[in-house]
Amino acid sequence: MYDMDKRKLLSVLSHGSIFFSTTLVSIGIPVAMLFVSDDPVVKDNAKEAINFHFNVWFYGAIIAFLTFITLGLLGFILGPIGFVVHWALTILAITHCLGNPDQPYRYPFTFRLL
């Protein structure tokens with residue numbers, strides 16, 4: 001009923017926008033997908049991508065605070081770990097959307113506001 005290529009593209013765009021999470025504009029891509037698309041799987045993927053943006057920013061703020069408090073010592077440990085986890089989960093979401101477009105991806109270890 002729904003176009004699979006379009007579903008894959010919009011879902012991958014929603015999850016892939018996290019690669020630009022340092023710009024606050026990146027959250028606009030999944031927000032736009034949420035309002036533009038009528039496909040329920042794309043909408044679920046967009047909601048999950050929005051929640052993941054909030055999680056990345058929240059955990060980044062915690063890491064920044066701990067780095068400030070410890071005069072940069074924890075930043076050398078937690079910063080790279082957070083960066084690798086952030087990218088690995090995003091790549092996992094993209095491969096899931098390309099391999100199984102009928103099922104929305106759910107990020108592990110995230111709190112969901114939407």
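Treat the numbers as computed from the prediction; the structure is a model and nothing was measured. (Residues numbered from 1 in each chain as written. Predicted model: local features only at pLDDT ≥ 70, side-chain atom pairs only at ≥ 80, totals over all residues. Heavy atoms only, no water.)

Pairs can form between side chains of opposite charge once their charged atoms are near each other. Summed over the entire model, instances satisfying the criterion amount to four salt bridges. Asp-39 serves as the salt-bridge partner of Arg-7, at 2.7 Å between the closest nitrogen and oxygen. Of this pair, Arg-7 sits in helix α1 (residues 4-16) while Asp-39 sits in the loop between α2 (28-36) and α3 (40-69), and the two are 32 residues apart along the sequence. Like Asp-39, Arg-7 is buried. Arg-7 serves as the salt-bridge partner of Asp-102, at 3.0 Å between the closest nitrogen and oxygen. Residue Asp-102 is located in the segment after α4 (75-99), and its partner Arg-7 is located in helix α1; the two are separated by 95 residues in the primary sequence. With relative accessibility at 49%, the residue Asp-102 sits in the partly exposed group. Given the relative accessible area of 6%, Arg-7 is considered buried. Via salt bridges that share partners, Arg-7, Asp-39 and Asp-102 belong to a single interconnected network. (Salt bridge = Lys/Arg side-chain N within 4 Å of Asp/Glu carboxyl O. Helix = DSSP H or I, 4+ residues; strand = E, 2+ residues; numbered from the N terminus. Buried < 20%, exposed > 50% of the residue type's maximum accessible area, 1.4 Å probe, protein only.)

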